[in-house]
Amino acid sequence: MSYAIEAEGLVKRYGETAALDGIDLRVRTGTVLGVLGPNGAGKTTAVRILATLVAPDAGRALVGGFDVTRQAGKVRELIGLTGQYASVDEKLTGVQNLVLMGRLLGLSRSEARARAAALLSRFGLTDAADRLAGGYSGGMRRRLDLAVSLVSRPRILFLDEPTTGLDPHARGELWDAVRELVADGVTVLLTTQYLEEADQLADDLLVIDAGRTAASGSPGELKSLAGGHRLDVRPLLAADVEKAESILRTRAEGGLLSVPVHDLSVPPALLRALDDAGIVLAEHALRLPSLDDVFRTLTGAEK
Ligand SMILES: Nc1ncnc2c1ncn2[C@@H]1O[C@H](COP(=O)(O)OP(=O)(O)OP(=O)(O)O)[C@@H](O)[C@H]1O
Ligand SMILES: [Mg+2]
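Just so it is clear, the structure is predicted and the values come from calculations on it, not from any experiment.

Visitor: Sorry, what's going on with the overall build of the protein here?
Guide: When you go through the protein residue by residue, the secondary structure sums to eleven helices and 13 strands. Dimensions of the protein along its principal axes, counting C-alpha atoms only, are 75 × 45 × 40 Å. Taking all 303 residues of the protein together, 46% fall into the buried category. For the protein, long-range pairs separated by at least 24 residues make up 69% of all intrachain contacts whose partners lie at least 6 apart in sequence. Of the roughly 14800 Å² that the protein leaves accessible, carbon and sulfur atoms contribute 50%. Charge separation in the protein, taken as the distance between the mean sites of 35 positive and 40 negative side-chain charges, equals 6 Å.

Shown next as structure tokens:
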């Protein structure tokens, strides 16, 4: 098995805060690792270390077989990075952004123009090529940002929350672009707060919380961590929510209570207990866990 990215014991401190507190990760060549975690979990810090933008305080990481601290130049030749905050120059047009990057990477003027045209076409931006990037919609800007990071034809790509703030259509388009890259053999490490995104794109997942690994495995493996099934119930009356919370021993979110069910004989008993307490339900359902349930189980809400 060959790994495009391997990291062990990564630690990064900012004053008192341990942004990363001992993270291990591995990404098999040609696959997608999804790094999930709530705000402040350390996702961007991990990406910045692997992309050679900051040095770790401890630990070791190899990207494409090169050490991120001792061989940073070699690593930079192999990677592309799309940051959480778009890095396109708003005062340049789409095509100018791409040509500029090509020139910075040492392409001739004509090579840079050809590469820009190919990427604009690939990301559906040809018609917008001569408009200032500052006037692009959020989705167009993300696509341009991704295109800029692909000018160098990276074999390893880091995407830090690539679809945050995009509408479902724009998100779907970006997912397709990532899938195409992976089909071409590119290895991707992407961070996200969207479980659905991780489920759609990632072969393997790493869930981090407060700088530490909370869980890792395939999406299927993580779902099985959340238990077999879930019982969701919604009391008809808001006044009954608290009573239902104490019967089901869980906290409601938006009036909905959701409990893991390990034994299918349990739901009828729970529903009877609610009924005995005089709680009328607006809805109830037994369903399989989603990655959202896993995330909540692992990162606090159900600890
Ligand atoms: N340059 C910095 N200086 C000081 N503290 C920092 C710096 N960068 C990150 N941190 C802190 O490290 C922790 C991890 O931050 P990081 O940006 O890696 O989280 P994240 O998982 O990317 O969060 P988000 O989902 O909000 O992007 C946070 O507590 C953050 O405040
Ligand atoms: Mg971040």
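Visitor: Just to check I follow, could you spell out the environment of Pro235 for this structure?
Guide: With respect to the secondary-structure elements, Pro235 resides in strand β11 (residues 229-235). What makes Pro235 buried here is its relative accessible area of 6%. Spatially, the C-alpha atoms of Pro235 and Val294 are 23 Å apart, while their sequence positions differ by 59 residues. Contact partners of Pro235, with chain neighbours within four places excluded, come to Asp240, Val241, Ala244, Gly255, Leu257, Ile279, Val280, Leu281 and Ala282.

Visitor: Explain the environment of Thr52 to me, please; I cannot follow it from the model alone.
Guide: Turning to its location among the elements, Thr52 is positioned in the loop between α1 (43-50) and β4 (58-63). Judged by relative accessible area, which is 11%, Thr52 ranks as buried. In this structure the C-alpha to C-alpha distance between Thr52 and Val68, which are 16 residues apart in sequence, comes to 5.6 Å. Separated by 2.7 Å, the side chains of Thr52 and Arg76 make a polar contact.

Visitor: Is there a simple way to explain the layout of surface pockets in this structure?
Guide: The gaps left among the atoms become clear once a water-sized probe is rolled over them. By volume, the largest pocket amounts to about 520 Å³. Lining the largest pocket are 23 residues, with Gly80, Leu81, Met101, Val148 and Ser149 sitting closest to its centre. When residues in the lining of the largest pocket are grouped by element, the largest group, four residues, is from helix α3 (residues 94-104). A class-by-class count of the residues in the lining of the largest pocket yields twelve nonpolar, seven polar and four charged.

Visitor: In this structure, what is going on with the sheet that holds strand β1 (residues 3-14)? I would like to understand it.
Guide: Within a sheet, neighbouring strands are paired by backbone hydrogen bonds and run either parallel or antiparallel to one another. Ordered by their spatial adjacency, four strands build an open sheet running β2-β1-β4-β5, and the pairing between neighbours is antiparallel. Since the sheet does not close on itself, it has two edges, and those belong to β2 (17-28) and β5 (66-67), each with one partner. When β1 meets β2, the two strands line up antiparallel, connected through nine bridges. Its bridge partner being in β2, Val11 is matched across the sheet by Asp21. Sheet strands touched by α1: β1, β2 and β4. Its angle to β1, the strand with the most contacts, is close to 120°.

Visitor: I'm lost on a nonpolar patch on the surface in this one. Help?
Guide: On the surface, a nonpolar cluster with roughly 290 Å² of combined accessible area is contributed by Leu236, Leu237 and Val280. Structurally, the position occupied by Leu236 is in the loop between β11 and α9 (241-248).

Definitions and cut-offs
Residues numbered from 1 in each chain as written. Chains lettered and ligands numbered in written order. Predicted model: local features only at pLDDT ≥ 70, side-chain atom pairs only at ≥ 80, totals over all residues. Heavy atoms only, no water. Helix = DSSP H or I, 4+ residues; strand = E, 2+ residues; numbered from the N terminus. Buried < 20%, exposed > 50% of the residue type's maximum accessible area, 1.4 Å probe, protein only. Contact = heavy atoms within 4.5 Å. Areas by Shrake-Rupley, 256 points an atom, 1.4 Å probe, with all protein chains shown as cover. Lys, Arg positive; Asp, Glu negative; His and termini not counted. Charge placed at Lys NZ, Arg CZ, Asp CG, Glu CD. Polar contact = N/O pair within 3.5 Å; in protein donor to acceptor, adjacent residues only side chain to side chain. 1 Å grid on protein atoms, 1.4 Å probe; cavity = no way out; pocket = protein on both sides within 12 Å on 5 of 7 lines; lining within 4 Å. Points joined across faces, edges and corners; volume = space filled by probe spheres on them. Nonpolar A, V, L, I, M, F, W, Y, C, P; charged D, E, K, R; others polar. Pairing = 2+ DSSP bridges. Axes fitted to C-alpha atoms, helices over the stretch in contact; angles between N-to-C directions. Patch = residues over 30% accessible without salt bridge, like charges linked within 9 Å, V, L, I, M, F, W, Y side chains within 5 Å. Salt bridge = Lys/Arg side-chain N within 4 Å of Asp/Glu carboxyl O.

Nothing here speaks to function; it is geometry throughout.
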